[in-house]
Structures are given as structure tokens and as C-alpha cells.
Amino acid sequence: MNSNTKIIIFIVVLFIIIIFSGTFTINYLKNTAESLELTVNGAIESVTNKQWSYAQKQLEEFNNTWDSTKYYWAMLVDHFEVDNIDDCFTKTRKYVESEDYSSSLAELEALKYYIRHIPEKEGFTLKNIF
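Owing to the predicted nature of the structure, the values given are computational and were not obtained by experimental measurement. (Residues numbered from 1 in each chain as written. Predicted model: local features only at pLDDT ≥ 70, side-chain atom pairs only at ≥ 80, totals over all residues. Heavy atoms only, no water.)

Q: I'd like to hear about the pattern of salt bridges, residue by residue, with values.
A: Summed over the entire model, instances satisfying the criterion amount to five salt bridges. Salt-bridge contacts for K94 lead to E97; the nearest nitrogen and oxygen are separated by 3.4 Å. A residue pair is termed a helical-turn pair when its members lie 3 or 4 positions apart in one helix, as K94 and E97 do in helix α3 (residues 79-97) at three residues. The partner of E109 in a salt bridge is K112, with the nearest N and O atoms 3.8 Å apart. (Salt bridge = Lys/Arg side-chain N within 4 Å of Asp/Glu carboxyl O. Helix = DSSP H or I, 4+ residues; strand = E, 2+ residues; numbered from the N terminus.)

Below, the structure written as C-alpha cells:
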């Protein structure tokens, strides 16, 4: 094998690794975002029905999932995005503890937006390229 062939093979293998890791990353972000969004939706439903104790349980479940997810997301996305979720979650938890209906719903919707925004922002779409 001559050196040109080795270089071409190396470039092709490197390209395949980049495509595979990008696809894996996007799928991971989508799957974890869906999981987080599910618990937020449960909390929204609980707050809407004014079931405050169940909403707090949903937020604890979110917190457990978020604690394990946050570490990996911080490696993959902008820290500003992760900080937005942390800030919004902190506010949400306090609003639910104080049973503030409208503020709780507003922060839960903002939390859901931040979670949904990250996979959309990191995805491979024409909107993100241009």
C-alpha cells in the first residue's frame, strides 16, 4: 500500500467516526430531553390540577434524572444552556413549594422550552447550518 492509499483510508475512517459520534450525540440529547420533558409534563399536569405534593414528587424525579444527565450535557452543549435549565428548575421548585400556581406553570413551561431547545439547537438541520 502506498502512502496516498493510507492517507485516504485514514481520512475515510476518521470521517466515519465523526459521523457516528455526531449521530450518537444527537440521539442521546433527544432521548434524554424526551425523558426530562416527560417528567416536566407530569409536573405541569399536577400543578394544573393543584396536586402540589405530586408535583413536588415529579420535580424530585426530574432532579434525579437531571443530576445524572447534566454532567454529559455539559460536555456536549454550551454551559449557558445547562445553566438556564438549572436556574429555571431552582425557581420552579420554589414556586411549587409555595404553591404559586401561575408562577409554577410559567417556570415549568420555560423549563420545558429550555429542555426541548437543546436537541433542536444541536441537531443537523439546514436552519443550524445557515
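Continuing now.
Q: So, the packing of aromatic side chains: which residues are in play, and what are the values?
A: In the structure shown here, the tally under the stated rule is six aromatic pairs. Where Y71 meets Y72, the ring centres are 5.1 Å apart and the plane angle is 80 degrees; that geometry is what we call edge-to-face. Residue classification places Y71 among the exposed residues on the basis of a relative accessible area of 56%. Through pairs of rings, three or more aromatic residues link up here, namely F62, W66, W73 and F89. Cation over ring: K50 sits above Y101, and NZ or CZ is 5.0 Å from the ring centre. (Phe/Tyr/Trp six-rings, centres within 6.5 Å; stacked < 30°, edge-to-face > 60°. Buried < 20%, exposed > 50% of the residue type's maximum accessible area, 1.4 Å probe, protein only. Lys NZ or Arg CZ within 6 Å of the ring centre and 35° of its normal.)

Q: Outline the packing of α3 against helix α4 (residues 101-122), supporting the account with residue identities and numerical values.
A: Where α3 contacts α4, the axes come no closer than 9 Å and their chain directions differ by 160 degrees. Considering their axes alone, α3 and α4 lie roughly antiparallel with respect to each other. Judged by the twist between their axes, the crossing of α3 over α4 is left-handed. Contact residues: α3 offers E81, N84, I85, C88, F89, K91, T92, Y95 and V96, while α4 offers S103, S104, E107, L108, A110, L111, Y114, I115, H117, I118 and K121. Grouping the constituent residues of the contact of α3 with α4 by class yields 11 nonpolar, five polar and four charged. (Axes fitted to C-alpha atoms, helices over the stretch in contact; angles between N-to-C directions. Parallel < 35°, antiparallel > 145°, perpendicular 65-115°, else oblique. Left-handed = near helix turned anticlockwise from the far one by under 90°. Contact = heavy atoms within 4.5 Å. Nonpolar A, V, L, I, M, F, W, Y, C, P; charged D, E, K, R; others polar.)

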